[in-house]
Amino acid sequence: MVTKRVKFTFPQELIKEPVIYKLGVDFGIVTNIRRADIRDDMGWVVLELEGESDVVDEGLEWVISTGVRVDPIAGDIIEG
Amino acid sequence: MPHVKCLQCRECKSEYPVEPLNVCEFCFGPLEVSYDYHSVAKSVSRKSIESGPNTMWRYHDFLPVEKDSAVDISTGFTPLIHAKNLGRQLGLDHLYIKNDSVNPTFSFKDRPVSVTTTKALEFEFEVLACVSTGNLMGSVAAHGAKAGMETIVFYPADLEQGKIQGAAVYGPTMVAVEGTYDQANRFCSELADAHRWAFVNINMRPYYAEGSKTLGYEVAEQLGWKAPDHCVVPGASGELHTKIWKGLEEFEGAGLIDKAKTKMHLAQAEGCAPIVEAFESGNNQVKPVRPKTIAKSLAIGNPAAGPYSLEVLRDTGGTGIFAYENSIIDGIRLLAETEGIFTETAGGVVISSLKRLVKQGKIKKDEVTVAFVTGNGLKTLETMGDFVAPIETKPDLDTFQTKLSSRKD
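Residues numbered from 1 in each chain as written. Chains lettered and ligands numbered in written order. Predicted model: local features only at pLDDT ≥ 70, side-chain atom pairs only at ≥ 80, totals over all residues.

- Chain A is annotated in an unreviewed UniProt entry as NIL domain-containing protein of marine metagenome.

This is how it looks when you write it as structure tokens:
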């Protein structure tokens, strides 16, 4: 089992999609939301994911494929 | 470290002990160093600072490390130049350039890295690490060498050779990470959890960020112990902008300067301006972007300190402004041709943005303005293009005089 801390950023057209719900139901990943801000035009959610390592990776790949941006919670860490 | 109280979450204000931590366990917000300012104010004076070394370590009382332990390669106390020629062109009587490109590894990154390396030794880390596309890697490699630490530098595999050599010369282990920028970003974030390394901008980030405050202190001291009316600061993660302001506020709190009424402007490149876009649209959230700019040292699409930088902009009456991509090189050349300072693309962004701020009436002729130049132009020579048009002459005086006259015409 692994835990990963990530930030999802939702573009406007995906705000109403139950992405986090599907991570639980379709992948069996335990999701734990710590902070979020959802507006009309965008939204972000900071959360922890827990599950088998390959399943969490697969789940994150699926999230990315929907158009949701996935980042480490610390934002971009590659600096100039 | 007599003045440090704890680490504190910037979001929920939870407190943590002084350890290599960067994220709040409760809300996953970023942690920041919190000080006992009453104690700081009692121990510092203008005189005590002036009698300190001519480096950033003269401000030791405001930094989160033990006394006498600094890993210092002579960083800081860089020149604040009254830019009369550039000021004349822009219509500013009191324009100053804070030239931080003359630091030991030729960028302001030596400030945060000096603090981080010092703190890493205090925490008894044996390995210093970072992930970078340029300035940071050179600085980490240099400080690791000075500290006698094992140093590991990660960088995207497609990075330019010059930047790789600029860090490799100090002898670190160099690791080229394949894949996309996002993959490299996530990989390095996970690495920091998997190893007990001092990752300067991950698990050491609260201490790392503090080093940039010294730019604010220096400017205030060099202006005769007063805050300027305007600061124009380049924006990548947004942290430099927030920390220069924090430095001015701390000086004010310690009674070293009068109330700081500085307007803290933030300059980003058109091709990567997520903080400026949020500022202009009135949002308090920063929408991540895909960077597409020649200003690589500012190419952070998802800036960690973006929301806090927005707060500083609004609290101080500053303006978030971007430089058009096609004006960045013009900005570099303008600074070089007027003041003899050759800066990298981030400096070009600052000068072009400064020009726009003046044009928009945001900065007045008689106001004291400081533009921050944070990196050396030799680092981004490849972006300058083929702009040199020499006079080509035979080694003959007449030919030369003829060609010179025709050039002048």
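1. Overview of the overall build of chain A
Alright, step 1. Scanning chain A from terminus to terminus reveals two helices and four strands.
Alright, step 2. Going from N to C terminus, chain A has its helices and strands arranged as β-α-β-β-α-β.
Alright, step 3. On C-alpha atoms alone, chain A measures out to a radius of gyration of 12 Å, which is about the 12 Å that the 2.2 N^0.38 rule sets for 80 residues.
Alright, step 4. Counting only C-alpha atoms and orienting by the principal axes, one finds that chain A spans roughly 35 × 35 × 25 Å.
Alright, step 5. Scored against the burial criterion, the 80 residues of chain A give a buried share of 32%.
Alright, step 6. Contacts in chain A between residues far apart in sequence, at least 24 positions, make up 66% of those at least 6 positions apart. (Helix = DSSP H or I, 4+ residues; strand = E, 2+ residues; numbered from the N terminus. Rg over C-alpha atoms; globule rule 2.2 N^0.38 Å. Buried ≥ 20, exposed ≤ 12 C-beta atoms within 10 Å, placed from the backbone. Contact = placed C-beta atoms within 7 Å.)

2. Regarding the overall build of chain B
Alright, step 1. A count of helices and strands for chain B gives 15 helices and 13 strands.
Alright, step 2. Its C-alpha atoms give chain B a radius of gyration of 21 Å, within 12% of the compact-globule value 22 Å for 409 residues.
Alright, step 3. With the C-alpha coordinates aligned to their principal axes, the bounding extent of chain B is approximately 75 × 50 × 45 Å.
Alright, step 4. By the burial criterion, 56% of the 409 residues in chain B qualify as buried.
Alright, step 5. When contacts within chain B are restricted to residue pairs at least 6 apart in sequence, those whose partners lie at least 24 apart make up 68%.

3. Things to note about the packing of helix H4 (residues 110-122) of chain B against helix H5 (residues 135-147) of chain B
Helix-helix packing: each pair is described by the crossing angle between the helix axes and the interaxial distance.
Residue and element names in this part refer to chain B.
Alright, step 1. Viewed as axis vectors pointing N to C, H4 and H5 meet at an angle of 40°, and their least axial separation amounts to 9 Å. With respect to H5, the axis of H4 lies oblique. Handedness of the crossing formed by H4 with H5: right-handed. Seen from H4, the contacting residues are Asp110, Val113, Ser114, Thr117 and Leu121; seen from H5, they are Ser139, Val140, His143, Gly144 and Ala147. (Axes fitted to C-alpha atoms, helices over the stretch in contact; angles between N-to-C directions. Parallel < 35°, antiparallel > 145°, perpendicular 65-115°, else oblique. Left-handed = near helix turned anticlockwise from the far one by under 90°.)

4. Description of the interface of chain B and chain A
Alright, step 1. Contacts between the two partners involve 34 residues from chain B and, on the opposite side, 20 residues from chain A.
Alright, step 2. Residues belonging to the side of chain B that touches chain A are distributed by class as follows: 16 nonpolar, 14 polar and four charged. (Nonpolar A, V, L, I, M, F, W, Y, C, P; charged D, E, K, R; others polar.)

5. Some remarks on the pairing of strand E13 (residues 369-373) of chain B
Alright, step 1. Most of E13(B) sits inside the fold, with five of its five residues counted as buried.
Alright, step 2. Burial along E13(B) is two-sided: the face carrying B:Thr369, B:Ala371 and B:Val373 and the face carrying B:Val370 and B:Phe372 are both buried.

6. Observations regarding unusual backbone geometry
Residues and elements named next belong to chain B.
Alright, step 1. Of note, Ser74 is a non-glycine position whose phi angle comes to about 70°, a positive value.
Alright, step 2. Notably, Phe106 is not glycine yet its phi reads approximately 70°, a positive angle.
Alright, step 3. Counting through the fold element by element, Phe106 comes out in the loop between strand E5 (95-99) and H4.

7. So, the packing of helix H10 (residues 239-253) of chain B against helix H12 (residues 306-316) of chain B
Residues and elements named next belong to chain B.
Alright, step 1. Running from amino to carboxyl end, H10 crosses H12 at an angle of 45°, the nearest separation of the two axes being 8 Å. Relative to H12, H10 is oriented oblique. By crossing handedness, the relation of H10 to H12 is classed as left-handed. Between H10 and H12, the contacting residues are His241, Thr242 and Trp245 on the first element and Tyr308, Ser309, Val312 and Thr316 on the second.
Alright, step 2. Among the residues making up the contact of H10 with H12, the classes are represented as three nonpolar, four polar and no charged.

8. Examining the sheet that holds strand E4 (residues 69-72) of chain A
Residues and elements named next belong to chain A.
Alright, step 1. The sheet built from four strands is open, its strands ordered E2-E3-E1-E4 with antiparallel pairing. Each having just a single partner strand, strand E2 (30-38) and E4 make up the two edges of the open sheet. Between one strand axis and the next, the sheet turns through 25° on average, direction left out of account.
Alright, step 2. Where strand E1 (residues 2-11) and E4 come together, four bridges link them in antiparallel fashion. Bridge pairing in E4 places Thr9 opposite Arg69. (Pairing = 2+ DSSP bridges.)

9. With respect to the pairing of strand E3 (residues 42-51) of chain A
Residues and elements named next belong to chain A.
Alright, step 1. Both E1 and E3 contribute to a ladder of 10 bridges, which runs antiparallel. Paired with Phe10 across the strands is Gly43, a residue of E3.
Alright, step 2. The pairing of E2 with E3 spans eight bridges and is classified as antiparallel. In the sheet register, Ala36 faces E3, and the bridge partner there is Val45.

10. Structural notes on the UniProt feature "domain: NIL" (unreviewed entry) in chain A
Alright, step 1. With numbering aligned to this structure, UniProt lists the feature "domain: NIL" (unreviewed entry) at residues 2-73 of chain A.
Alright, step 2. Counting secondary structure, residues 2-73 of chain A comes out at 32% helix and 46% strand; the distance between its end C-alpha atoms is 16 Å. (UniProt positions renumbered as here; feature names shortened; annotations may be inferred.)

11. Some thoughts on helix H2 (residues 53-66) of chain A
All names here are of chain A.
Alright, step 1. The terminal C-alpha atoms of H2, which comprises 14 residues, lie 20 Å apart, in line with the 20 Å expected from a rise of 1.5 Å per residue.
Alright, step 2. Taken as a whole, H2 has its buried residues at Val56, Gly59, Leu60 and Val63. What you see down the axis of H2 is that its buried residues fit within an arc of 100°, all on one side. Seen from the open side of H2, the exposed residues pointing more than 90 degrees away from its buried face are Asp54, Glu61 and Ser65. (Expected span 1.5 Å × (residues − 1). Arc of directions from axis to C-beta.)

12. Observations regarding the sheet that holds strand E10 (residues 230-234) of chain B
All names here are of chain B.
Alright, step 1. Across the sheet, six strands lie side by side as E4-E5-E13-E10-E11-E12; this open sheet has mixed pairing. A strand with exactly one partner marks an edge of an open sheet, and here the two such strands are strand E4 (80-82) and strand E12 (320-323). Going across the sheet, the axis of each strand differs from the next one's by a mean of 25°, ignoring polarity.
Alright, step 2. Contacts from H10 reach E10 and strand E11 (263-269), with the element oriented near 150° to E10.

13. Considerations on the domain arrangement of chain B
Residue and element names in this part refer to chain B.
Alright, step 1. Looking at chain B, the domain boundaries give domain 1 (80-106 + 212-384) and domain 2 (109-209).
Alright, step 2. Taken residue by residue, the interface counts 13 residues in domain 1 and 11 residues in domain 2.
Alright, step 3. Those elements that place two or more of their residues in the side of domain 1 that touches domain 2 are helix H9 (213-222) and H10.
Alright, step 4. The residue inventory of the side of domain 1 that touches domain 2, partitioned by class, reads two nonpolar, six polar and five charged. (Domains from an automatic or database assignment.)

14. Thoughts on the nonpolar core
Side chains that are nonpolar tend, in soluble globular proteins, to be buried together.
Alright, step 1. Counting 124 residues, the largest nonpolar core has B:Val350 and B:Ala371 as its most contacted members.
Alright, step 2. Sorting elements by how many residues they give to this core places helix H14 (residues 345-359) of chain B first, with seven residues.
Alright, step 3. Built from parts of two domains, this core gets at least three residues from each of domain 1 (80-106 + 212-384) and domain 2 (109-209) of chain B.
Alright, step 4. With sequence-adjacent residues up to four places away left out, B:Val350 is seen in contact with B:Val232, B:Pro234, B:Ala267, B:Ala371, B:Phe372 and B:Val373.
Alright, step 5. By size, the runner-up hydrophobic cluster in this structure holds 10 residues, among which are A:Trp44, A:Leu49, A:Val56 and A:Val68. (Core = buried A, V, L, I, M, F, W, Y, C linked by C-beta atoms within 7 Å.)

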